[in-house]
Amino acid sequence: MKINSIYVGGWFQRTMLQLSEIYDFLRDCKSQLDLDPQKLSEYRKALEIGKIDYGVAGEEYVEFTTALNIKVRVFEDGLITLKNNQVSEDTLFADIERVTDYYEHKLSPAFSYLFSLGAPVPKELANIATVYPYFIVCDNATKDEISDLLSRTEKQKYFEFVNDKYDVVRGDKYYFINNKKQSLENIERYIEEQIFIREFKGQLHRYLNLHRIIWEKIDAVKEKANVKGSDIVQFNTKLEGYAKTINLIDGRINQMSTYLPTREKIAKSDSELAEFLAISGYRYETLKDTLDNIKQIWSMTKNYVSSAQKLFNDLQGEVTNKSISSLTIVTSMGVGASLIDLFTESAPSFNGFGF
């Protein structure tokens, strides 16, 4: 058995405008934004870039090689794939670690800085650890050899597809593709679509979990409705923070609607992908239904935080009105006391002249 290559990748919403910015950075270390030129240079140098190409494969993409024999491809919709050709069965895990390390410690920091201006990434998203799908492509492996690879990486097989051109065996985060007589280009197209589908689904799942977390936090604040006036501002500040996070995530969820139809159309118009779509094609419709459901959930979450903010704003208004009333009473008492002092200490005598 020969292990041909390892692929890893991810997806985050981008556009052709941002792809052009990536190309300018990779080619000339330039940016039209107010970024530190020295930092840009350091990030680009760390990438160890070799040859750079700009092409079209359904979507526009930028592709470059590195001194570490890793090939990187970045598509206009934000899909990123990394391919490691220097692989052997004996050094499999070290080879996987090498491409993962490049992704996490060189490529991701460079792109994060390149797009560091503008709407921030909510901290609830920034702190989530990514679980990559790893795709291991083998040439003419036996069933026992694939089973051995699976046992070394996963404890359970989730899915298996077999035909005369290739086999696909999937664990939790590892996909094993046994190539019999399929072109590597078509296998790469399948891998790209699988990474997109998995990442799209994974982001929706993270948004669902964030909804649950933020909803519980709002609940915890609303339960403290009977609080001291001095604490109301603190709770209002918390709710404002939740509302800001909700709006940022809501914007990202709405952006996702534009990517799914394009990916589906391109994939289904590719005749060479027909067999692969028999494995994953149905998921496009499923993802669309899931996305619509997540949109409704976040709409409910926005309404919920708004109602909580209104509650505490009303409480703050009541406290303010009471404070004004108390201040009026105190002020009136002060004026009355001053008048009493005036008449008791220095009042004129009650006679005709004094009157």
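This text follows the structure it describes.
Here the residue numbers are simple positions, counted from 1 along each chain's written sequence. Reporting of local features is limited, given that this is a predicted model, to residues whose pLDDT is at least 70; pairs of side-chain atoms are given and counted only at 80 or more, and all residues count toward the totals for whole chains, interfaces and linings. Side-chain figures throughout are based on the complete set of non-hydrogen atoms in the structure, without hydrogens or water.

Looking at the environment of aspartate 292
And step 1. Secondary structure elements follow DSSP: runs of H or I of four or more residues count as helices, runs of E of two or more count as strands, with numbering from the N terminus. Position of aspartate 292 relative to the elements: it lies in helix H10 (residues 283-345).
And step 2. In this structure aspartate 292 comes out as partly exposed when scored by relative accessible area, which is 30%. The classification of residues rests on relative accessible area computed with a 1.4 Å probe and restricted to protein chains. Under 20% of the type maximum is buried, over 50% is exposed, and intermediate values are partly exposed.

Comments concerning the sheet that holds strand S2 (residues 49-57)
Within a sheet, adjacent strands bond to each other through the backbone by hydrogen bonds, running parallel or antiparallel.
And step 1. With mixed pairing, nine strands are arranged side by side in an open sheet as S2-S3-S4-S5-S1-S6-S9-S8-S7. Two strands bound the open sheet, and with one partner strand each, they are S2 and strand S7 (159-162). For this sheet, the mean inter-axis angle between neighbouring strands, taken without regard to orientation, is 15 degrees.
And step 2. At least two bridges found by DSSP between two strands are what make those strands a pair. Where strand S1 (residues 2-11) meets strand S6 (residues 134-139), six bridges bridge the pair, whose relative direction is antiparallel. Within S6, the residue paired with isoleucine 6 across the bridge is isoleucine 136.
And step 3. Its contacts with the sheet put helix H1 (residues 16-28) on S2, strand S3 (59-66) and strand S4 (70-75), and the angle it makes with S2 is roughly 155 degrees. Here an angle of 0 to 180 degrees is reported between the N-to-C directions of two axes, which are lines fitted to C-alpha atoms, with helices fitted over the stretch in contact. Residue contacts are counted whenever heavy atoms from the two residues lie within 4.5 Å of one another.

Quick word on the packing of aromatic side chains
And step 1. Note on aromatic pairs: the rings of Phe, Tyr and Trp (six-membered ring only in Trp) are paired at centre separations within 6.5 Å, and the planes decide the class, stacked below 30 degrees, edge-to-face beyond 60, tilted for the rest. By the definition in use, this model includes twelve aromatic pairs.
And step 2. Taken together, a centroid distance of 5.5 Å and an interplanar angle of 75 degrees make the contact between tryptophan 11 and tyrosine 259 edge-to-face. Placement of tryptophan 11 in strand S1 and of tyrosine 259 in helix H8 (residues 259-268) is noted, with a sequence separation of 248 residues between them.
And step 3. Note on tyrosine 259: relative accessible area 11%, which makes it buried.
And step 4. Ring geometry for tyrosine 174 against phenylalanine 176: centres 6.4 Å apart, planes inclined by 15 degrees, an arrangement best described as stacked.

Quick word on the nonpolar core
In summary, soluble globular proteins display a tendency toward joint burial of nonpolar side chains.
And step 1. Ranked by size, the top nonpolar core spans 50 residues in total, and within it Ile191, Phe200, Ile218 and Trp298 carry the most contacts.
And step 2. Residues contacting isoleucine 218, with those up to four places away along its chain left out, are Leu239, Tyr242, Ile246, Tyr304, Val305 and Ala308.
And step 3. The definition of a nonpolar core used throughout is a set of buried Ala, Val, Leu, Ile, Met, Phe, Trp, Tyr and Cys residues joined through side-chain atoms within 4.5 Å. Core analysis: the next-biggest nonpolar cluster, separate from the first, contains 41 residues, Ile3, Ile6, Ala141 and Leu149 among them.

Structural notes on unusual backbone geometry
And step 1. In the Ramachandran plot, cysteine 29 falls in the positive-phi region, its phi being about 55 degrees despite a non-glycine side chain.
And step 2. Residue placement: cysteine 29 occurs in the loop between H1 and helix H2 (37-47).
And step 3. Residue glutamate 48 is not a glycine yet carries a positive backbone phi of 50 degrees.
And step 4. Along the chain, glutamate 48 falls in the loop between H2 and S2.

A short note on the pattern of salt bridges
And step 1. Every case where a carboxyl oxygen of Asp or Glu lies within 4 Å of a side-chain nitrogen of Lys or Arg is listed as a salt bridge. Within the structure shown, the criterion is met by 18 salt bridges.
And step 2. Of the charged contacts, one joins arginine 189 and glutamate 193 as a salt bridge, the two residues approaching to 3.5 Å between their closest N and O atoms. Here the residue arginine 189 and the residue glutamate 193 both occupy positions in helix H6 (residues 184-222), the gap between them amounting to four residues, near one helical turn. The same class applies to arginine 189 and to glutamate 193, which are both buried.
And step 3. Taken together, the shared-partner salt bridges connect Glu59, Glu63, Arg73, Asp77, Arg189, Glu192, Glu193 and Arg263 into one network.

A few points about the packing of H1 against H2
And step 1. Running from N to C, H1 and H2 point in directions that differ by 80 degrees, and their axes come no closer than 9 Å. Regarding the angle of H1 to H2, the classification is roughly perpendicular. In this structure, H1 contributes Phe25, Leu26 and Arg27 to the contact, and H2 contributes Leu40, Tyr43, Arg44 and Leu47. Relative orientations are named as follows: roughly parallel for angles under 35 degrees, roughly antiparallel for angles over 145 degrees, roughly perpendicular for angles from 65 to 115 degrees, and oblique for any other angle.

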